[in-house]
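Working through the structure, step by step
Each chain, written out:
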Amino acid sequence: MLTPSILILFGSQTGTAQDVAERIGREARRKRLQCRVQALDSYDVVNLINEPLVIFVCATTGQGDPPDNMKNFWKFIFRRNLPPTSLCQMDYAVLGLGDSSYAKFNFVAKKLHRRLLQLGGSALLPIGLGDDQHDLGPDAVIDPWLLDLWGKVLGLYPVPSDLSVIPADTPLPSKFILNFQDETAEISSDEQHSENRSPGELPSEHKPFLASMVSNQRVTTESHFQDVRLIEFDITGSRISFTAGDIVMIQPQNSASDTQQFCHLLNLDPNRCFVLQPREPDAPCPIQLPQPCTIQHLVSHYLDITRVPHRSFFEILACLSHHQMEREKLLEFSSAQGQEELYNYCNRPRRTILEVLGDFPHSAASIPPDYLLDLIPPIRPRAYSIASSLLAHPLRLQILMAVVQYQTRLRKPRQGLCSSWLASLDPRKGPIRVPLWVRNSTMTFPSEPNTPVIMVGPGTGVAPFRAAIQERVAQGQTGNYLFFGCRQKDKDFYCESEWQELIQRGFLTLVTAFSRDQEEKIYVQHRLREHGALVWELLDQHGAYFYLAGNAKSMPASVSEALTSLFQSEGGLSGPDAATYLTSLERTMRFQAETWA
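The rules we used
- Residues numbered from 1 in each chain as written.
- Predicted model: local features only at pLDDT ≥ 70, side-chain atom pairs only at ≥ 80, totals over all residues.
- Heavy atoms only, no water.
- Helix = DSSP H or I, 4+ residues; strand = E, 2+ residues; numbered from the N terminus.
- Rg over C-alpha atoms; globule rule 2.2 N^0.38 Å.
- Buried < 20%, exposed > 50% of the residue type's maximum accessible area, 1.4 Å probe, protein only.
- Contact = heavy atoms within 4.5 Å.
- Areas by Shrake-Rupley, 256 points an atom, 1.4 Å probe, with all protein chains shown as cover.
- Lys, Arg positive; Asp, Glu negative; His and termini not counted.
- Charge placed at Lys NZ, Arg CZ, Asp CG, Glu CD.
- Polar contact = N/O pair within 3.5 Å; in protein donor to acceptor, adjacent residues only side chain to side chain.
- UniProt positions renumbered as here; feature names shortened; annotations may be inferred.
- Pairing = 2+ DSSP bridges.
- Axes fitted to C-alpha atoms, helices over the stretch in contact; angles between N-to-C directions.
- Domains from an automatic or database assignment.
- Buried area = accessible area lost by both parts, 1.4 Å probe.
- Salt bridge = Lys/Arg side-chain N within 4 Å of Asp/Glu carboxyl O.
- Nonpolar A, V, L, I, M, F, W, Y, C, P; charged D, E, K, R; others polar.
- Core = buried A, V, L, I, M, F, W, Y, C linked by side-chain atoms within 4.5 Å.
- Phe/Tyr/Trp six-rings, centres within 6.5 Å; stacked < 30°, edge-to-face > 60°.
- Lys NZ or Arg CZ within 6 Å of the ring centre and 35° of its normal.
- Expected span 1.5 Å × (residues − 1).

1. With respect to the overall build of the protein chain
For the protein chain, the helix and strand inventory stands at 20 helices and 22 strands. Relative to the compact-globule value of 25 Å for 597 residues, the protein chain shows a C-alpha radius of gyration of 26 Å, a close match. The principal-axis extents of the C-alpha atoms in the protein chain amount to approximately 80 × 60 × 50 Å. A total of 597 residues make up the protein chain; the buried ones form 52% of that total. At a minimum sequence separation of 6, the contacts of the protein chain that also span at least 24 residues come to 76%. Of the roughly 27,600 Å² that the protein chain leaves accessible, carbon and sulfur atoms contribute 49%. In the protein chain, 56 side chains carry a positive charge and 65 a negative one; their mean positions are 2 Å apart.

Here is the structure:
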């Protein structure tokens, strides 16, 4: 009798959906089920018709968008020519991860669930909709959903009578084996990123381009609470090309002090050299890691030791711990009953993996090196809107970046890994090279030269519009209308001199909202209402395109409300007609948004 096999496919932007998918994979193995866990875009989707049982774990990003690692799958599964019986042999379940504070909560999972039904798939159980806004996070939904899932799966594929379920406190085999070498090795970051790229190959996540940092300038005053940087890179020889609205992906690394502390806690020799070997013969090794590799390189460039750990971290660490008191606490944190305490210990204060290991020193010291890649997820690249145009700055790429730093109840301030790392780099002190590549954005600007564009970009949301304005000015295009918002004119008015020069030359109309320069706070949505007649005329009479970029929390909804309001006040539309007008702008790509959490 063949061992039952489950396919677990995930679409993950920040790593949470991947972590949940791998958790389901571990639970399947404990129930003696064979399983494969893959990103949706790494799976050959034409084979889906032959899969008997598939579990989909999907996040929703931005304004209802699929994660980057499932976009190809998304295009394929919604082809109109797919027969309605394509998946009639497949049982499936869909688990969504989202945030109910967004209008399109779990949109991707809901739409996928409906599509799989249309193609003949049979749902094992109702869709699960995890919610970040729940007091206990998405696990409040995931835990009972998984209980139902395993009840259904084991009804189809019971545990063989001659075997038993592997207990939750027994460690499963690691995914990889670190075969240590007798000699030490020096791994050059330059070699690792560039040696495998052919001369004509464009930089990518697996083979980024090492761009020289040219400048790193703070564009807010020293007295302002927020450190914002305008950083320029030299991309000569990269073959990188981009247009306004595109995204640059940057691969950060851990600080030398954090790397050293991690190695000390785990009693690891940073200079020790190893060759990584998958335990499963057909499993790939992480392409980002060189072979052979040093512990130093693994920790500094690959393991995300400064992220807040997922629940799975405590589950795996508990299995590996030999210290009774620490093990009991780790088991509590990994249990369904311990999620409120885990949230208060870890998620609320944003405690990092490195800090947790420091709180459990005996367990940290007993971690076998083979389990490092099971325990700690990889560092994920960070996305930044490109803030410059190649027409204005040939062979250069600029970003406008806020340095993430904030305080919780923990003594040490919380810091964003990538922004803090980039801010610490000073090209005046010596050559600095940063791994990066470019990704096309969904935001596109009109090709017709006389089409006006209205751009709403508060804070660093102005970055893609700086690129667009530079690009349009270089092509002689006027009709550029920018609504920019920040706190105070004399502290965080980015690129003020640039804007003033373009205004004088007749290329830019600028409307500002300085929220803290008067008693009553004023934001970009207020300025849109004040200039409602101009906005309506541009949209309705001149075919203008409207763009929005910035924080995805409340600003997009506030701007949309301001638009529908001015459509009524200036255009004389009814409430329903104003909503329909906005929808038509979105459908024809004359309203576009690029937002981030």
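After presenting the structure, the write-up continues.
2. Describing the environment of Arg439
Relative to the elements of secondary structure, Arg439 occurs in strand E17 (residues 433-439). Between the C-alpha atoms of Arg439 and Ile240, which are 199 residues apart in sequence, the distance is 10.0 Å. Contact partners of Arg439, with chain neighbours within four places excluded, come to Gln13, Asp68, Asp246, Ile247 and Met249. One polar contact links Arg439 to Asp68, side chain to side chain, over a distance of 2.6 Å.

3. Digging into the UniProt feature "domain: FAD-binding FR-type" (unreviewed entry) in the protein chain
Here, the residues flagged by UniProt with the feature "domain: FAD-binding FR-type" (unreviewed entry) are residues 206-446. For residues 206-446, the end-to-end C-alpha separation is 32 Å, with 29% helix and 21% strand making up the annotated structure.

4. As for the sheet that holds strand E18 (residues 453-456)
Strands sit in the order E20-E19-E18-E21-E22 across an open sheet of five strands; the sheet is parallel. The open sheet terminates on both sides in strands that have one partner only, identified here as strand E20 (509-514) and strand E22 (591-596). If you compare each strand with its neighbour and ignore which way they point, the axes differ by 10° on average. Pairing analysis gives four bridges linking E18 to strand E21 (residues 545-551), with the strands arranged parallel. Across the sheet, Val456 pairs through a bridge with Leu548, a residue of E21. Strand contacts of helix H15 (residues 463-474): E18, strand E19 (480-486) and E21, with the helix running at about 155° to E18, the strand carrying the most contacts.

5. Observations regarding the domain arrangement of the protein chain
Taken as a whole, the protein chain is organised into domain 1 (6-156), domain 2 (210-252 + 381-439), domain 3 (255-375) and domain 4 (453-595). With centres defined by C-alpha atoms, the gap from domain 1 to domain 3 works out at 27 Å. The junction of domain 1 with domain 3 conceals about 860 Å² of combined surface from both sides, 44% of it contributed by carbon and sulfur atoms. Three residues, Asp19, Arg26 and Leu136, lead the burial of domain 1 against domain 3; their summed loss comes to 46% of the area buried on that side. At the boundary of domain 1 and domain 3, one finds three salt bridges. A salt bridge links Asp139 to Arg311; its shortest N-O distance comes to 3.3 Å. For the side of domain 1 that touches domain 3, the elements supplying multiple residues, two or more each, are helix H1 (16-30) and helix H4 (139-156).

6. Concerning the packing of H1 against helix H8 (residues 311-320)
Describing two packed helices takes the angle between their axes plus the distance from one axis to the other. H8 packs onto H1 with a crossing angle of 40° between their chain directions and a minimal axis gap of 10 Å. Side by side, H1 and H8 meet where Asp19, Arg23, Arg26 and Arg30 of the first sit next to Arg311, Ser312, Glu315, Ile316 and Cys319 of the second. Residue composition of the contact of H1 with H8, by class: two nonpolar, one polar and six charged.

7. A short note on the nonpolar core
Ranked by internal contacts, the top residues of the largest apolar core, which has 41 residues, are Phe262, Leu298 and Leu357. Per-element tally for this core: the top contributor is H8, with six residues. Excluding residues within four positions of it along the chain, Phe262 makes contact with Leu268, Val299, Leu303, Ile305, Leu354, Leu357, Leu372 and Ile376. Residues Ala244, Ala387, Leu510 and Phe514 belong to the second largest nonpolar core, which totals 32 residues.

8. Focus: the packing of aromatic side chains
Ring pairs (aromatic) are described by centroid distance and by the angle formed between their planes. Overall, the coordinates contain 16 aromatic pairs when judged by the stated rule. On the numbers, 5.6 Å between centres and 20° between planes, the contact of Phe484 with Phe493 is stacked. Assigned by exposure class, Phe484 and Phe493 land together as buried. Aromatic pair Phe546 and Phe591: ring centres 5.5 Å apart, planes at 5°, arrangement stacked. Taken as a pair, Phe546 in strand E21 and Phe591 in strand E22 lie far apart in primary sequence, 45 residues in all. What links up through ring pairs into an aromatic cluster is the set Phe313, Phe314, Phe333 and Tyr345. Sitting above the plane of the Phe107 ring, Lys104 keeps its charged end 5.1 Å from the centroid.

9. Points about the environment of His206
Take His206: it is sitting in the loop between helix H5 (189-194) and strand E8 (209-218). With a relative accessible area of 44%, His206 lands in the partly exposed category.

10. Considerations on the environment of Val356
With respect to the secondary-structure elements, Val356 resides in helix H11 (residues 353-359). Overall, Val356 belongs to the buried group, its relative accessible area being 0%. Residues Val356 and Leu436, 80 residues apart in the sequence, show an inter-C-alpha distance of 30 Å. Residues in contact with Val356, not counting those within four places in the same chain, are Pro309, Phe313, Phe314, Tyr345, Cys346 and Arg351.

11. Examining H15
Relative to the 16 Å expected for 12 residues at 1.5 Å per residue, H15 spans 17 Å between its end C-alpha atoms, a close match to the ideal helical length. For H15, the full list of buried residues reads Ala463, Pro464, Phe465, Arg466, Ala467, Ala468, Ile469, Gln470, Glu471, Arg472 and Val473. A positive phi of about 75° marks Gly476, the residue just after H15.

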